[in-house]
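These are the residues of each chain, in order.
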Amino acid sequence: DTGVSQNPRHKITKRGQNVTFRCDPISEHNRLYWYRQTLGQGPEFLTYFQNEAQLEKSRLLSDRFSAERPKGSFSTLEIQRTEQGDSAMYLCASSSLRGRLVGTGELFFGEGSRLTVL
Amino acid sequence: AQSVTQLDSHVSVSEGTPVLLRCNYSSSYSPSLFWYVQHPNKGLQLLLKYTSAATLVKGINGFEAEFKKSETSFHLTKPSAHMSDAAEYFCVVETGANNLFFGTGTRLTVIP
């Protein structure tokens, strides 16, 4: 399977614990995005990378959240000191914009990592 | 700022009848608009996209959407619903900040 892969698919944790999610994008894609989706809502943008550079962060991404893409390939999203309000589906997507300066193009999404904070 | 509003949170149709999922957009310039579909336990999948070429856009699985600037609409249609069309559909606009703004979604139920 050469699609976007996310791990773990499900994570249940206690309030105050740290969690980390991993995303492996489609190999030739230079852009990687993180979104959050809560029940009954559409996905909300969190942050995106172009290669290894984190180019934009949403106001939703509090200081407890950190994302990295150290070698421009896979990415991790860490949430420290989790709160019940962090319970959501965390979606990763990738795209290829070679030859384009702006725009997202088509995003290819993974199946998501569902976080439940007790 | 760019945004979209999906006018129905839930649409129910009988198999074989037409589907209409409504979306209005707000944009200060000519937007790029998309429809994505999310099946249970599956990743979001692009159905179709409008990028200021033809106003009638054809997508996968028989879906199409028409961009109407005068009505600021981008409604999704399909002539005949199939059971496999049951899913959550999202109208999406590309923001000027290189990311996507998703609507709140419309859940499509297809009755046999």
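Since we're looking at a predicted model, the values are computed, not measured.

Enquirer: Is there a simple way to think about the layout of surface pockets in this case?
Expert: Empty space left among the atoms is revealed by rolling a probe the size of a water molecule over them. If you add up the space inside the largest pocket, you get close to 640 Å³. In terms of lining, the largest pocket is formed by 27 residues, of which the most central are Gln37(A), Leu39(A), Arg114(A), Gln38(B) and Arg107(B). For the lining of the largest pocket, the secondary structure elements donating two or more residues are β9 (88–95) and β11 (113–117) of chain A together with β10 (87–94) of chain B. Looking at the lining of the largest pocket, its residues break down into seven nonpolar, 14 polar and six charged. Here the second largest pocket defines a volume of roughly 380 Å³. Together, 19 residues line the second largest pocket, and Glu44(A), Phe45(A), Ser58(A), Leu60(A) and Phe101(B) are the ones closest to its centre. Of all the secondary structure elements, the ones that give two or more residues to the lining of the second largest pocket are β5 (44–50) and β6 (53–57) of chain A together with β11 (100–102) of chain B. With three residues, β11(B) is the single largest residue contributor to the lining of the second largest pocket. Residues of the lining of the second largest pocket, tallied by class, amount to seven nonpolar, eight polar and four charged.

Enquirer: When you look at the environment of Val4(B) in this model, what are you seeing that I'm missing?
Expert: Residues and elements named next belong to chain B. By the secondary structure assignment, Val4 is in strand β1 (residues 3–6). According to the relative accessible area criterion, Val4 is buried, its value standing at 8%. Look past the residues within four positions of Val4 in its chain and what remains in contact with it is Cys23, Asn24, Tyr25, Leu33, Cys91, Val92, Val93, Phe101, Phe102 and Gly103.

Enquirer: Which parts of the structure should I look at to understand the packing of aromatic side chains?
Expert: Each aromatic ring pair is described using two quantities: the centre-to-centre distance and the angle formed by the ring planes. One pass over the structure, following the stated rule, counts 17 aromatic pairs over all chains. Here the aromatic rings of Phe21(A) and Tyr90(A) are separated by 5.6 Å at their centres, their planes lie at 20°, and the arrangement is stacked. You can see Phe21(A) sitting in strand β3 (residues 19–24) and its partner Tyr90(A) sitting in strand β9, a full 69 residues away along the chain. Both rings, one in Phe109(A) and one in Tyr36(B), keep their centres 5.7 Å apart while their planes meet at 85°; by these two values the pair is edge-to-face. Of this pair, Phe109(A) sits in strand β10 (residues 108–109) while Tyr36(B) sits in strand β5 (residues 33–38), each in a different chain. By the burial criterion, Phe109(A) is buried, and Tyr36(B) matches it. Put simply, the rings of Tyr33(A), Tyr35(A), Phe45(A), Tyr48(A), Phe109(A), Phe34(B), Tyr36(B), Phe90(B) and Phe102(B) pair up and form one aromatic cluster. Taking NZ or CZ as reference, Arg22(A) lies 3.9 Å from the ring centre of Phe74(A), over its face.

Enquirer: Any chance you could explain the state of the cysteines here in plain terms?
Expert: Disulfide: a covalent bond formed between the sulfur atoms of two cysteine residues. Summed over all chains, the structure comprises two disulfides over all chains. Between the sulfur atoms of Cys23(A) and its disulfide mate Cys92(A) the distance is 1.9 Å. Between Cys23(A) and Cys92(A) the disulfide shows an S-S torsion of about -70°. By sign, it is left-handed. Of the two residues, Cys23(A) is situated in strand β3 and Cys92(A) in strand β9; the sequence distance between them amounts to 69 residues. On the accessibility criterion, Cys23(A) (0% relative accessible area) is buried. Residue classification places Cys92(A) among the buried positions, given a relative accessible area of 0%. Between the sulfur atoms of Cys23(B) and its disulfide mate Cys91(B) the distance is 2.0 Å. With the S-S bond torsion at -70°, the cross-link from Cys23(B) to Cys91(B) turns out left-handed. Taken together, the residues Cys23(B) in strand β4 (residues 23–26) and Cys91(B) in strand β10 connect sequence positions 68 residues apart. One exposure class covers both Cys23(B) and Cys91(B), and it is buried.

Cut-offs applied
- Residues numbered from 1 in each chain as written.
- Chains lettered and ligands numbered in written order.
- Predicted model: local features only at pLDDT ≥ 70, side-chain atom pairs only at ≥ 80, totals over all residues.
- Heavy atoms only, no water.
- 1 Å grid on protein atoms, 1.4 Å probe; cavity = no way out; pocket = protein on both sides within 12 Å on 5 of 7 lines; lining within 4 Å.
- Points joined across faces, edges and corners; volume = space filled by probe spheres on them.
- Helix = DSSP H or I, 4+ residues; strand = E, 2+ residues; numbered from the N terminus.
- Nonpolar A, V, L, I, M, F, W, Y, C, P; charged D, E, K, R; others polar.
- Buried < 20%, exposed > 50% of the residue type's maximum accessible area, 1.4 Å probe, protein only.
- Contact = heavy atoms within 4.5 Å.
- Phe/Tyr/Trp six-rings, centres within 6.5 Å; stacked < 30°, edge-to-face > 60°.
- Lys NZ or Arg CZ within 6 Å of the ring centre and 35° of its normal.
- Disulfide = S-S within 2.5 Å.

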